[in-house]
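# Analysis of the macromolecular model
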Amino acid sequence: MGTRPGDLGARRRRFVRLPRDVVVLGLIAFCVAVGFGVLVPVLPVFARTFGVGNLAVGAVISAFALMRLASSPFCGRMIARFGERTVLSTGIFIVAVSSGLAGIAQNYPQLLALRGVGGIGSAMFTVSAMTLLLRSVGPELRGRAAGFFQGGFLIGGMTGPAVGGLLSAISLAAPFFFYAATLAVAGAVGLALLRPRGVTEDPRHDAVARPFRDVLRDTRYQAALATNFSQGWTSFGVRSALVPVLVVEVLHRPTTWTGAAFAAAAVCQTIAVGPAGKFVDTVGRRPAMIVGGFLAGLSIMAVPFAPSIGWLIAALSAYGVSAAFLGTAPAAAVGDAAGARGGTAVAVFSMTSDVGAIVGPLVAGALADQEGYPAAFGLGAALSLLAALNAFRMPRVPPGSSADATVGQDVRKETIGEPEASV
């Protein structure tokens, strides 16, 4: 019996081969996340060896995030001038060198300054990697590409802390050198395997980027910004800052249970990221952001009311599933709105998460002190729900369709005064 052409088409859609650059970026993400994870359990302890207090320890961590935020606006211009591959590799090497030097820092000011320099390199890597990711694929693959990239970070992030604990037994400086080495490998992989600017597997992906003022008026981009801000606030801010304290002070469990809860959530997110990417590309960015936002809001709101550690793990695991959708759909929406060369749009998108991650813990901590944990988690839940409601404003078009591709073109033509009939 012969195979019908329709069957072949369906089979090809089920087994999609991601472009080489996407696979390389996933490998780089894994190397970066492993190194960063190695440093996480050691950095605060290393800072304390200089005889500083907890505020100074927090400043070392904040310096990295603040410099990421401050340098992100310039990354779009650097990408436009030098290309994603060059900026990505340079950023990784900056973090590598600064991390290696931090391991031999002689005093606290040196450590603080070197972590700040590392934040600049991190911004260069993050923005250029996402820009290159969106340039390497068409609209029909953006969700799966973002999911593959996110998966590299997740697997590396789960592996890193375990390795860091072993290395810290050797010396507190050893994780810094390991981090520098993994970053050096990632930078070398980027230079060797990523394609130079202007070379892609599909020349259609080298389209000129839309002006940022047009992108900013696009409801898809606005929804992506709102979602990314809420994720930065809730995931990197409220969850990371308050769950460890809640486990100890409310559930009266040892800190080892915090690691178990976060590990369970990370496993659920890693398992869900593949199906989430496919959902984003086949069903749509809009429903993924709506479903993910509502699930994030409801699950994070359940955390302070968890009566036992089992219920807490269940709530955080549900939040991990929502994070898989909210880590892929907004990135794909940015690519749809900004085009294949939207470096500035990607930089601003990255900044919204950084702002949420910096401000979120401060506000959540103040609310927890004054009003209690439900108020602190409730604000994070409200932001997630508001982002989901805002996603209803996105256009109802199938991802990767001709209608989806012309949404931004229509806006641009109206902006420069071309008649509607010319579309």
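Residues numbered from 1 in each chain as written. Predicted model: local features only at pLDDT ≥ 70, side-chain atom pairs only at ≥ 80, totals over all residues. Heavy atoms only, no water.

## Concerning the pattern of salt bridges
By the definition in use, this model includes eight salt bridges. A salt bridge links Arg135 to Glu84; the nearest nitrogen and oxygen atoms lie 3.2 Å apart. Within this pair, whereas Arg135 is found in helix H6 (residues 108–136), its partner Glu84 is found in helix H5 (residues 84–102), the two being separated by 51 residues in sequence. Relative accessible area serves as the criterion here: at 0%, Arg135 is assigned to the buried category. Looking at Glu84, the relative accessible area reads 2%, which means it is buried. For the salt bridge of Asp336 with Arg285, the shortest nitrogen-to-oxygen distance reads 2.6 Å. Highlighted residues: Asp336 in helix H14 (residues 329–338) and Arg285 in helix H12 (residues 285–302), separated in sequence by 51 residues. When sorted by exposure, Asp336 lands in the same class as Arg285, which is buried. (Salt bridge = Lys/Arg side-chain N within 4 Å of Asp/Glu carboxyl O. Helix = DSSP H or I, 4+ residues; strand = E, 2+ residues; numbered from the N terminus. Buried < 20%, exposed > 50% of the residue type's maximum accessible area, 1.4 Å probe, protein only.)

## Comments concerning the environment of Ile92
In this structure, Ile92 sits in helix H5. What makes Ile92 buried here is its relative accessible area of 1%. Sequence separation between Ile92 and Ser122 is 30 residues; the distance between their C-alpha atoms is 6.8 Å. If we skip the residues at most four places from it in the chain, Ile92 touches Ile28, Val32, Gly121, Phe125, Leu183, Ala186 and Gly187. (Contact = heavy atoms within 4.5 Å.)

## Points about the side chain of Ser230
Among the secondary structure elements, Ser230 is positioned in helix H10 (residues 219–249). There is a polar contact of 2.8 Å between the side chain of Ser230 and the backbone oxygen of Thr227. Setting aside residues up to four positions removed in sequence, Ser230 forms contacts with Ser235, Leu383, Ser384 and Ala387. (Polar contact = N/O pair within 3.5 Å; in protein donor to acceptor, adjacent residues only side chain to side chain.)

## Points about a nonpolar patch on the surface
A surface patch of nonpolar side chains, amounting to about 500 Å² of accessible area, comprises Leu27, Phe30, Ile155, Met158, Val267 and Ile271. Contributing elements (two or more residues each) for the nonpolar patch: helix H2 (20–39), helix H7 (142–168) and helix H11 (256–282). (Patch = residues over 30% accessible without salt bridge, like charges linked within 9 Å, V, L, I, M, F, W, Y side chains within 5 Å. Areas by Shrake-Rupley, 256 points an atom, 1.4 Å probe, with all protein chains shown as cover.)

## Digging into the packing of H2 against H6
Helix-helix packing: each pair is described by the crossing angle between the helix axes and the interaxial distance. Contact geometry for H2 and H6: axes closest at 10 Å, N-to-C directions at 155°. As the angle between them shows, H2 and H6 are arranged roughly antiparallel. For H2 against H6, the interelement crossing comes out left-handed. Residue-level inspection shows Asp21, Val22, Leu25, Ile28, Val32, Phe36 and Leu39 of H2 in contact with H6, the latter providing Arg115, Phe125, Ala129, Leu132, Leu133 and Ser136. Residue composition of the contact of H2 with H6, grouped by class: 10 nonpolar, one polar and two charged. (Axes fitted to C-alpha atoms, helices over the stretch in contact; angles between N-to-C directions. Parallel < 35°, antiparallel > 145°, perpendicular 65-115°, else oblique. Left-handed = near helix turned anticlockwise from the far one by under 90°. Nonpolar A, V, L, I, M, F, W, Y, C, P; charged D, E, K, R; others polar.)

## Structural notes on helix H8 (residues 174–193)
The first and last C-alpha atoms of H8 sit 29 Å apart over 20 residues, in line with the 28 Å expected at 1.5 Å per residue. Within the sequence span of H8, burial applies to Ala174, Pro175, Phe176, Tyr179, Ala180, Thr182, Leu183, Ala186, Gly187, Val189 and Gly190. Where H8 is buried, its residues meet H2, helix H3 (43–48), H5, H6 and H7. (Expected span 1.5 Å × (residues − 1).)

## Description of the confidence of the model for the chain
The predicted model of the chain has a mean per-residue pLDDT of 83, with 86% of residues at 70 or higher. When pLDDT is averaged over each element of the chain, H12 comes out on top at 96 and helix H17 (residues 402–415) at the bottom at 45. Counted against residues more than four places away or in other chains, residues 6–13, with its pLDDT under 50, gives two contacts. Low pLDDT (under 50) marks residues 408–423, which in the prediction has 15 contacts with non-local residues, meaning those over four places away or in another chain. (pLDDT = per-residue confidence, 0-100.)

## Topic: H2
An α-helical segment advances 3.6 residues per turn. Residues three or four places apart therefore align on the same side. Taking 1.5 Å per residue as the helical rise, H2 with its 20 residues ought to reach 28 Å, and the 29 Å between its terminal C-alpha atoms agrees with that figure. Counting buried residues in H2 gives 15 out of 20 residues, a clear majority hidden from the surface.

## Things to note about the packing of aromatic side chains
Summed over all chains, the structure comprises eight aromatic pairs. A centroid spacing of 6.3 Å and a plane angle of 65° characterise the contact between Phe125 and Phe153, whose relative ring orientation is edge-to-face. Taken together, the residues Phe125 in helix H6 and Phe153 in helix H7 connect sequence positions 28 residues apart. What makes Phe125 buried here is its relative accessible area of 5%. The exposure class assigned to Phe153 is partly exposed, which follows from its relative accessible area of 30%. Pairing Phe229 with Trp233 gives two aromatic rings, centres 5.8 Å apart and planes at 55°, and the pair type is tilted. Pair noted here: Phe229 and Trp233 are both in helix H10, with a separation of four residues, about one helical turn. These aromatic residues form a ring-pair network of at least three members: Phe46, Phe50 and Phe176. (Phe/Tyr/Trp six-rings, centres within 6.5 Å; stacked < 30°, edge-to-face > 60°.)

## Observations regarding the environment of Leu389
Tracing the backbone shows Leu389 in helix H16 (residues 373–391). You can call Leu389 partly exposed: its relative accessible area is 47%. Residues Leu389 and Met289, 100 residues apart in the sequence, show an inter-C-alpha distance of 9.2 Å.

## A short note on the environment of Gly335
In this fold, Gly335 is placed in helix H14. Taking the C-alpha atoms as reference, Gly335 lies 7.5 Å from Pro139; in sequence the two are 196 residues apart. For Gly335, the contacting residues outside a window of four places in its chain are Leu134 and Arg142.

## Comments concerning the packing of H2 against H7
At a minimum axis separation of 6 Å, H2 and H7 run at an interaxial angle of 30°. Taken together, the axes of H2 and H7 lie roughly parallel to each other. Relative to H7, the crossing made by H2 is right-handed.

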